[in-house]
Amino acid sequence: MRAYERMLNYIKIWTTSDSSSESVPSTSRQFDLARILVEEMKKLGIEDAHVDDKCYVYGTLPAKKGYEDKTKLGFIAHLDTSEDMSGQNVNPQIIENYDGKDINLGESGRVIKVSDFEHLKDFKGRTLITTDGSTLLGADDKAGISEIVTAIEYLVNNPEIKHGDIKIGFTPDEEIGRGADLFNVEKFGAKYAYTIDGGIMGELQYENFNAAAAKITIQGR
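Note that the coordinates shown come from a computational prediction; the quantities given were computed from them, not determined experimentally. Residue positions within a chain follow its written sequence, with the count starting from 1. Note on the predicted model: pLDDT of at least 70 is required for a residue's local features to be given, and 80 or more for side-chain atom pairs to be given and counted; whole-chain, interface and lining totals, by contrast, use all residues. No hydrogens and no water enter the side-chain calculation; it runs on all heavy atoms of the structure.

## Let's talk about the sheet that holds strand β1 (residues 50-51)
- Pairs of strands are assigned from DSSP output, requiring at least two bridges between the strands. Strands here mean DSSP runs of E at least two residues long; helices mean DSSP runs of H or I at least four residues long; both are numbered from the N terminus. Strands sit in the order β1-β2-β8-β3-β9 across an open sheet of five strands; the sheet is mixed. A single partner strand is all that each edge strand has here, and the edge strands are β1 and β9 (192-195).
- Any two residues whose heavy atoms approach within 4.5 Å at even a single point are treated as in contact. Between the N-to-C directions of two axes lies an angle of 0 to 180 degrees, each axis being a line fitted to C-alpha atoms and, for a helix, fitted only over the stretch in contact. Strands in contact with helix α2 (residues 30-43) are β1, β2 (57-61) and β8 (166-171); relative to β2, the strand with the most contacts, it is inclined by about 15°.
- Contacts from helix α3 (residues 139-157) reach β2, β3 (73-78) and β8 within the one sheet, and its direction differs from that of β3 by about 145°.

Written as structure tokens, this is what we have:
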């Protein structure tokens, strides 16, 4: 399955997090995608794939024979989508052979303007997937999840590619700044890991966004 095909399946699943909730995960619906991912991973041969009681998904693609001592690498993405707009009943639109101009989002009246996002011109002639304007698309970060699962499938289907253990982690509540709170780094077991979450094709970022927040109450007249 192609990565975009997986993404089109995943975005149908409502996984919006909730900053007003004190539970972990902040919404139980995030488990819906987590459980689907566990089953997909098991079908790909990830025998230890599982989701814990806090909605963190873990799994390992075992090293090839003779490569068991190689550096363990990890790939991470988040399950939830932003609460800034509805993530329910997502209806994507697929734009083939994009003309490089402004993009009308369905019948919503909303427009993605090239004047606001100049890099859109670089995608002329490509196939784009967008929301219809009534909901979020949810590509943040279901695109990242799709890329990771598809990469794992590729490695499984091409056994001549040698590698050490590859660790997989999918986390809840990233959009509300809590995604790393209960992530079990020791259990994950990777020496180095990459978060697959947005950016221009071919770009590798090394800065860290920590999602820190502060609440200030001012009393006075």
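Resuming the write-up.
## Here we look at the side chain of Thr-15
- Note on placement: Thr-15 falls in the loop between α1 (3-10) and α2.
- Exposed residues in this analysis have more than 50% of their type's maximum accessible area, buried residues have under 20%, and partly exposed residues fall in between, with area computed by a 1.4 Å probe over protein chains only. By relative accessible area, which is 0% here, Thr-15 ends up buried.
- Here Lys-142 takes part through its side chain, which lies 3.0 Å from a polar atom of the side chain of Thr-15.
- Excluding residues that lie within four positions of it along the chain, Thr-15 makes contacts with Thr-27, Arg-29, Gln-30, Leu-33, Leu-79, Asp-80, Thr-81 and Lys-142. Side-chain atoms alone can form a polar contact between residues adjacent in sequence; in general such a contact is a pair of N or O atoms within 3.5 Å, and within protein one must be able to donate a hydrogen while the other accepts it.

## A word on the environment of Glu-207
- Position of Glu-207 among the secondary structure elements: in the segment after β9.
- Residues Glu-207 and Glu-174, spaced 33 residues apart in sequence, show a C-alpha to C-alpha distance of 17 Å.

## Remarks on the environment of Val-90
- As for its position among the elements, Val-90 is in the loop between β3 and β4 (93-95).
- Sequence separation between Val-90 and Gly-66 is 24 residues, and the spatial gap between their C-alpha atoms is 45 Å.
- In contact with Val-90, not counting residues within four places along its chain, are Ile-11, Thr-135, Leu-136 and Leu-137.

## Regarding the packing of aromatic side chains
- Each pair of aromatic rings taken from Phe, Tyr and Trp, with Trp reduced to its six-membered ring, is defined by centres within 6.5 Å and is described as stacked if the planes are under 30 degrees apart, edge-to-face if over 60, and tilted in the remaining cases. This model, assessed by the stated rule, comprises four aromatic pairs.
- With a centroid separation of 6.3 Å and 45° between ring planes, the pair formed by Tyr-56 and Phe-183 is classed as tilted. With Tyr-56 in the loop between β1 and β2 and Phe-183 in the loop between β8 and α4 (185-188), this pair connects stretches of sequence that are 127 residues apart.
- For Phe-183, a relative accessible area of 16% gives the class buried.

## Structural notes on the pairing of β8
- The buried count for β8 comes to six of six residues, which makes it a mostly enclosed element.
- A two-sided burial pattern is seen for β8, the buried positions comprising Ile-166, Ile-168 and Phe-170 on one face and Lys-167, Gly-169 and Thr-171 on the other.
- For β3 and β8, the ladder comprises six bridges, and the chain directions are parallel. Bridge pairing links Leu-73 to Ile-166 in β8.

## Points about the environment of Asp-32
- Checked against the element boundaries, Asp-32 lands in helix α2.
- With relative accessibility at 39%, the residue Asp-32 sits in the partly exposed group.
- For the pair formed by Asp-32 and Thr-15, sequence separation is 17 residues and the distance between their alpha carbons is 7.7 Å.

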